[in-house]
Amino acid sequence: MTVGLIVGYDLCEDYVRISYEYSEDQIHPAQDLSFVEGSQIESLAFLLCKRRGKEEWLIGEAAMEEALLGRGILIDQMKELVCSRGSTILEGTCYTGIFLLKLFFQKTLGYVMEKGGDAHLDILAFTIPKMESEWIRGILDCTDLLGIPRETVKIISHSDSFLYYLLNQSKSLWSGACGLFDITKAGFWYYEIQVRRDCHPVTVETFHRALPESFDLDLLKTKSGGKMADSILLSGAEKMMKNRRMSAVFLTGEGMAHCQEWAFAFLRYVCSRRKVFYHHNLFARGALFMIHRMLDPSSGFPFICVGEGRVPYEITMDVVQFGVRKTILLNRAGTNWHEAANRVSFFPDGESVVRLEARRMGEKKVVPLVLPLDGFPKRPPRTTRVELEMKFTSETELSVVLRDRGFGELFPETDCRVEKVFTLQ
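Here we summarise the structure given alongside this text. In this numbering scheme, every chain counts its residues from 1 along its sequence in written order. Local features are withheld for residues below a pLDDT of 70 in this predicted model, meaning they are given only at 70 or higher, and side-chain atom pairs are given and counted only at 80 or more; totals for whole chains, interfaces and linings count all residues. For the side-chain quantities, the full set of heavy atoms in the structure was used; hydrogens and water were omitted.

### Some thoughts on the nonpolar core
Generally speaking, a soluble globular protein has its nonpolar side chains buried in company with each other. Nonpolar cores were defined as sets of buried Ala, Val, Leu, Ile, Met, Phe, Trp, Tyr and Cys residues, with membership established by side-chain atoms within 4.5 Å. Note on classification: 1.4 Å probe, protein chains only; a residue is buried when its accessible area is under 20% of the maximum for its type, exposed when over 50%, partly exposed between these limits. Grouped together as the largest cluster of nonpolar side chains are 70 residues, with contacts concentrated most on Tyr9, Leu11, Leu388 and Leu402. Ranked by residue count, the leading element in this core is helix 3 (residues 97-116), at 8 residues. The contact criterion used throughout is that any non-hydrogen atoms of two residues lie within 4.5 Å. Those residues within four positions of tyrosine 9 in sequence are excluded, and the remaining contacts are Val16, Arg17, Ile18, Phe104, Phe105, Thr108, Leu109, Leu124, Ala125, Phe126 and Thr127. The next biggest cluster of nonpolar side chains, apart from the first, holds 33 residues, and it includes Ile123, Phe162, Tyr165 and Met290. Secondary structure is summarised from DSSP: a helix means a run of H or I of at least four residues, a strand means a run of E of at least two, and numbering begins at the N terminus for each.

### Focus: the sheet that holds strand 5 (residues 48-51)
When DSSP locates at least two bridges between a pair of strands, those strands are taken to pair. Across the sheet, 3 strands lie side by side as 6-5-7; this open sheet has antiparallel pairing. Of all the strands in the sheet, the pair left with one neighbour each is strand 6 (57-59) and strand 7 (72-75). The average undirected angle you get between the axes of adjacent strands in this sheet is 25°. Note on geometry: axes are lines fitted to C-alpha atoms, helical ones only across the stretch in contact, with angles between N-to-C directions running from 0 to 180 degrees. Strand contacts of helix 1 (residues 60-68): strand 5, strand 6 and strand 7, with the helix running at about 120° to strand 6, the strand carrying the most contacts.

### Looking at the packing of aromatic side chains
Any two rings among Phe, Tyr and Trp, with Trp reduced to its six-membered ring, count as a pair given centres within 6.5 Å; such a pair is stacked if its planes are under 30 degrees apart, edge-to-face if over 60, and tilted if neither. All chains considered together, the criterion is met by 18 aromatic pairs. For the pair phenylalanine 162 and phenylalanine 250, a centre-to-centre distance of 5.8 Å together with 70° between the ring planes defines the contact as edge-to-face. In this pair, phenylalanine 162 is assigned in helix 5 (residues 158-167) and phenylalanine 250 in strand 15 (residues 248-252), connecting sequence segments 88 residues apart. Taken individually, phenylalanine 162 and phenylalanine 250 each receive the classification buried, so the pair is uniform in this respect. Three or more aromatic residues joined by ring pairs form one cluster here, namely Phe162, Tyr165, Phe250, Phe277 and Phe289. Working rule: Lys NZ or Arg CZ, within 6 Å of ring centre, within 35 degrees of ring normal, means a charge sits over the ring. Positioned above the aromatic ring of tyrosine 269 is the side chain of arginine 274, whose terminal nitrogen or guanidinium carbon lies 5.4 Å from the ring centre.

### Points about the sheet that holds strand 24 (residues 397-404)
Read across the sheet, 4 strands follow the order 20-23-24-25 without closing on themselves; strand pairing throughout is antiparallel. Each of the sheet's edge strands pairs with one partner strand only, and the pair in question is strand 20 (341-346) and strand 25 (417-423). Put simply, the sheet's adjacent strands are angled 15° from each other on average, direction ignored. When strand 24 meets strand 25, the two strands line up antiparallel, connected through 7 bridges. Bridged to serine 399 within strand 25 is valine 421.

### Focus on the side chain of glutamate 213
Tracing the backbone through its elements, the reader meets glutamate 213 in the loop between strand 14 (203-210) and helix 6 (223-241). Given a relative accessible area of 13%, glutamate 213 falls into the buried group. Apart from the residues within four sequence positions on either side, glutamate 213 is in contact with Phe188, Ile232, Ser235, Gly236 and Lys239.

### Focus on the state of the cysteines
Pairs of cysteine sulfur atoms within 2.5 Å are identified as disulfides in what follows. One pass over the structure, following the stated rule, counts 0 disulfides. Cysteine 94 takes part in no disulfide bond, and the closest cysteine sulfur, belonging to cysteine 142, lies 15 Å away. The thiol sulfur of cysteine 178 is not disulfide-bonded, and the nearest other cysteine sulfur, from cysteine 305, lies at 13 Å. By relative accessible area, which is 0% here, cysteine 178 ends up buried.

### Re the packing of helix 3 against helix 4 (residues 133-145)
For the pair helix 3 and helix 4, interaxial distance at closest approach is 9 Å and the crossing angle is 65°. Along this stretch, helix 3 crosses helix 4, giving a crossing that reads as right-handed. Where helix 3 abuts helix 4, its residues Ile98, Leu101, Lys102 and Phe105 lie against Trp135, Gly138, Ile139, Asp141, Cys142 and Leu145. Counted by class, the contact of helix 3 with helix 4 contains 7 nonpolar, 1 polar and 2 charged residues. In this scheme the handedness of a crossing depends on how the near helix is turned from the far one: anticlockwise by less than a right angle means left-handed, clockwise means right-handed. Throughout, the ten residues Ala, Val, Leu, Ile, Met, Phe, Trp, Tyr, Cys and Pro are labelled nonpolar, Asp, Glu, Lys and Arg are labelled charged, and all others, Gly among them, are labelled polar.

### Describing the side chain of glutamate 308
Turning to its location among the elements, glutamate 308 is positioned in the loop between strand 17 (304-307) and strand 18 (313-321). By the counting rule applied here, Lys and Arg register as positive and Asp and Glu as negative, while His and the ends of each chain are not counted. The working definition used for a salt bridge is a side-chain nitrogen of Lys or Arg within 4 Å of a carboxyl oxygen of Asp or Glu. No salt bridge is formed by the buried glutamate 308. Its closest oppositely charged neighbour is lysine 130, at 6.5 Å. Within the local environment of glutamate 308, its side chain forms a polar contact with the side chain of serine 159, the two groups lying 3.3 Å apart. If sequence neighbours within four positions are ignored, glutamate 308 has contacts with Pro129, Lys130, Met131, Ser157, Ser159, Thr206, His208 and Glu395. Throughout this description, a polar contact denotes any pair of N or O atoms lying within 3.5 Å of each other; where both atoms belong to protein, one of them has to be capable of donating a hydrogen while the other can accept it, and for residues adjacent in sequence the pair is counted only when both atoms sit in side chains.

### Focus: the environment of arginine 71
The residue arginine 71 is located in the loop between helix 1 and strand 7 in this model. Placed 188 residues apart in sequence, arginine 71 and cysteine 259 show a C-alpha to C-alpha distance of 37 Å. Look past the residues within four positions of arginine 71 in its chain and what remains in contact with it is Lys50, Arg51, Arg52 and Glu66.

What follows is the structure, given as structure tokens:
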């Protein structure tokens, strides 16, 4: 019997990081993947290069080196190609963005499988900075091409990764608000998580913000540049934290790797009355911890999460079943929006419209959502079965489709359908 691997894959616009562990091994801890044998290089540039005149591909820093030597053609905008469903022509051959991203995944996951020996891939969790629908669709299309079953692929935001990472720490660290500063070549971000115990059930709120205070990491190569970077970090921290007491502050990203050597004022500020921790691979580890909770039903959240990537609305519908009117739940608040979908069938019972209700978490106000059954055939009572399919396309945009499914051979279904998109505020 082969052992399974679970993989947390941090996919950003400028780099990737990967953590992995054996799914049935309770002894050995998670490991961060090193992309260069015998080194501690655990970050890989999100680059792909085709060797000139050959169908050979390189990734990461090796790709950049080959291109600089004039022996290869560099592809450094894969996300844009994937999201636009675009393509590029290399030496007379057209390559789609999806194909190129599939090659990149194939090579990076190949490193993981080499480390895992005979292990097979159990679950793959991607964490991305922002939940963008076209990017999510592109990632899933690529894993489809690699033959990875879609039910074993999960995609979460960096905010969610931070949340799962935090929940794996001592409870004393998340009794109040927690902050995270992330600095990479692409910019400077601040994340925050707050546990609201005044709500029932207890609610966890997450948010993140790209800070305008940023700097080129090359600044850190000189003493004067380090002082300037320290001042920039301090300005961003003061703006976001405002001298509030917080349970803990976390630091991550390439820019924070040796911050104790130059960020003196910043560290003095964030360490004042706060516990501060650094982890170079926090987001990929958070993705792993998400898989842990998914595999262990008993470790589910004792609260509802709201924030980026999650739907803050509960969607319900009143129906009549066996003569009894009841309310069915179509979507639970706190669900990841790209997974928030449902399909139900019902009899409209003489009604000319279908009514749904949306209620934002923590509020009593109910928002009515009405869809007219325009064009549906007139039939005797309880002989028109309507199929309702709903899905969210963002945290606040809901698409609902109604279809006529008829009722047996006497009342066959038709092509009639009603579709409506609701924007919830």
